[in-house]
Every structure is written in structure tokens, then in C-alpha cells.
Amino acid sequence: MRMDGFRRDFIVATASAAVLGLYAPIAAAQPAAAAGGKPVILVVGDSLSAEYGLARGTGWVALLEKKLAQEKIAATVVNASVSGDTTAGGRSRLPGLLAQHRPTHVILELGGNDALRGLPLQGTEANLQAMAEASRKAGAQVLIVGMQVPPNYGSDYTRRFEGVFASVARSTQSALVPFLLKGVADGPNPTAMFQADRIHPRAEAHPLMLANVWPELRRLLR
């Protein structure tokens, strides 16, 4: 594949952005409308889910709302994603989100920033595990969205990082999307799919991201 060079640039640019503080939190999620027995889908993610650098309504989470309407699935989507968030940050926010929104489904899209900051993989796995278990205890079904890191991290770290998401999914009986950016970061021309910072996907990439998530989420909604 021709993605190694791009991924190397991608990780350097992302690390630089984190150091420079380019990640800014989005506005706090608004309370979900009264569900009336309908599914409430809570998305807890980072900038990949928070429409960083995009026009509002063009990110994959917003597209998910449109997809649900097209499929005639009456569900409420709560996007509680914060740009730059880590699994530790998500873990600290989750109890309040579960109490506030009482979701029937929780999508966990976190972990990429842990790798960028060089945080121990054991901590990332423990945080995701705790989030999945708390969500299930609250009565929600869980979908874990995986991430991968560039090969310049070393083959061992790359393999172990990717394995964290699958391990948590297995141990908590959660659904799994192996790689949110499949077809985006590893496509034939990945640079065309990213914004000028070479960190955040362009709007054109978000339908592909939703296409990676939708099959697993649809199964949970049946």
C-alpha cells in the first residue's frame, strides 16, 4: 500500500497540532429530547467525531442522524465528542453523560489521542474497558470504534494498539468497528481526504467513516 509516507506525515502533523493546542472543545452536548421508548445513541469521541474544521452537519455523526431518518429508525443522537479528548477524559465525563441522557446505545470513539501523547496502552485499555462496562451496567449496548497508528510507531506498538480495541470489545461483549478511517487513511490517495492540516478528514471522507460504523450499529438497533 502507498500509505506509509502519508501516515508518517499525518502523525508528525497531528503531534505538532496537539502541542500547539489546535484542538478546541466543541460546545457541550445539549440534553436529548424525551425518548419515549425510542433509542438514544450517545457518541463519546474526539475530533474525528466532533466535526473539527467542518461545516456543522457534515460530520459522520450528523450524517448518522440523516441515515437513521432515511431508514425510518426513530432515534435520538447525542454527540458528546470533544476534540483532543483522551480515553481518560472520556471516562471522567461518561458517568454524567449516562445519567443525563440515559442512552440505549453508546458509541466509544476514543484512543487516538492516547497514542499521540504516548500514554501507556494499559491505561487506554483500562479506560475503554471501564467505559464499556459502565455503559452496559447503565443498560446500553456498546459499539467500540477502533483506530490505528502509522507504521513509524513500530510494528509491535502498531499491532498492540490496534489490538486494544478488539480486546475490550471481546471482554465486554461489545460490537467493534476495527478502523474508523478505513478507506480514508489507507485509500489510494489519502492526502486528498484530509484537510490542509493533514490531521482531520475532509467532509468528503465522512460518508466513508459512517459507512464503516453503520453496519455494526444497525445490527445493535435491530
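Everything in this summary refers to the structure shown in the same document.

Let's talk about the overall build of the chain
Then, in step 1: Counting secondary structure elements, the chain contains 7 helices and 5 strands.
Then, in step 2: Partitioning the intrachain contacts of the chain with sequence separation of at least 6 by distance along the chain shows that 79% fall at a separation of at least 24.
Then, in step 3: Counting every atom, the chain has about 10100 Å² of accessible surface; 54% of that belongs to carbon and sulfur.

Comments concerning helix H6 (residues 155-172)
Then, in step 1: Taking 1.5 Å per residue as the helical rise, H6 with its 18 residues ought to reach 26 Å, and the 26 Å between its terminal C-alpha atoms agrees with that figure.
Then, in step 2: Residues of H6 that are buried include every one of Tyr 157, Thr 158, Phe 161, Val 164, Phe 165, Val 168, Ala 169 and Thr 172, and no others.
Then, in step 3: Along its buried surface, H6 packs onto helix H4 (112-116), helix H5 (121-137), strand S4 (141-145) and strand S5 (175-177).
Then, in step 4: Gln 173, located one to two residues past H6, shows a positive phi value of around 55°.

Considering the sheet that holds strand S2 (residues 76-79)
Then, in step 1: With parallel pairing, 5 strands are arranged side by side in an open sheet as S2-S1-S3-S4-S5. For this open sheet the edge positions go to S2 and S5, each flanked by a neighbour on one side alone. Ignoring which end each strand starts from, the neighbouring axes of this sheet average 20° apart.
Then, in step 2: Here strand S1 (residues 40-45) pairs with S2 via 4 bridges, running parallel.

With respect to the packing of aromatic side chains
Then, in step 1: The tally for this structure, following the rule as stated, stands at 3 aromatic pairs.
Then, in step 2: For the pair Tyr 157 and Phe 161, a centre-to-centre distance of 6.2 Å together with 10° between the ring planes defines the contact as stacked. Of this pair, Tyr 157 and Phe 161 both sit in helix H6, 4 residues apart, which is roughly one turn of that helix. Take Tyr 157 and Phe 161: they sit in the same class, and that class is buried.
Then, in step 3: Taken together, the ring pairs in this structure connect Tyr 153, Tyr 157, Phe 161 and Phe 165 into an aromatic cluster.

Considering the nonpolar core
Then, in step 1: Ranked by size, the top nonpolar core spans 57 residues in total, and within it Leu 42, Trp 60, Leu 64, Ile 107 and Leu 181 carry the most contacts.
Then, in step 2: Among the elements that line this core, the one with the most residues is helix H7 (residues 206-221), at 7 residues.
Then, in step 3: Setting aside residues up to four positions removed in sequence, Leu 181 forms contacts with Leu 48, Met 147, Asp 186, Phe 194, Pro 201, Met 209 and Asn 212.

Re H5
Then, in step 1: Here H5 is 17 residues long and its end C-alpha atoms lie 24 Å apart, about the 24 Å a rise of 1.5 Å per residue gives.
Then, in step 2: Among all positions in H5, only Leu 121, Thr 124, Asn 127, Leu 128, Gln 129, Met 131, Ala 132 and Ser 135 are buried.
Then, in step 3: Residues of H5 that are buried sit in contact with S1, helix H3 (87-101), strand S3 (105-109), H4, S4 and H6.

Description of the pairing of S4
Then, in step 1: Of all 5 residues that make up S4, 4 are buried, and the element is covered over most of its length.
Then, in step 2: After leaving S4, the chain enters H6 and then returns to the sheet as S5, a path that is right-handed.

Conventions and cut-offs
- Residues numbered from 1 in each chain as written.
- Predicted model: local features only at pLDDT ≥ 70, side-chain atom pairs only at ≥ 80, totals over all residues.
- Heavy atoms only, no water.
- Helix = DSSP H or I, 4+ residues; strand = E, 2+ residues; numbered from the N terminus.
- Contact = heavy atoms within 4.5 Å.
- Areas by Shrake-Rupley, 256 points an atom, 1.4 Å probe, with all protein chains shown as cover.
- Expected span 1.5 Å × (residues − 1).
- Buried < 20%, exposed > 50% of the residue type's maximum accessible area, 1.4 Å probe, protein only.
- Pairing = 2+ DSSP bridges.
- Axes fitted to C-alpha atoms, helices over the stretch in contact; angles between N-to-C directions.
- Phe/Tyr/Trp six-rings, centres within 6.5 Å; stacked < 30°, edge-to-face > 60°.
- Core = buried A, V, L, I, M, F, W, Y, C linked by side-chain atoms within 4.5 Å.
- Right-handed = clockwise from strand over helix to strand, strands pointing away.

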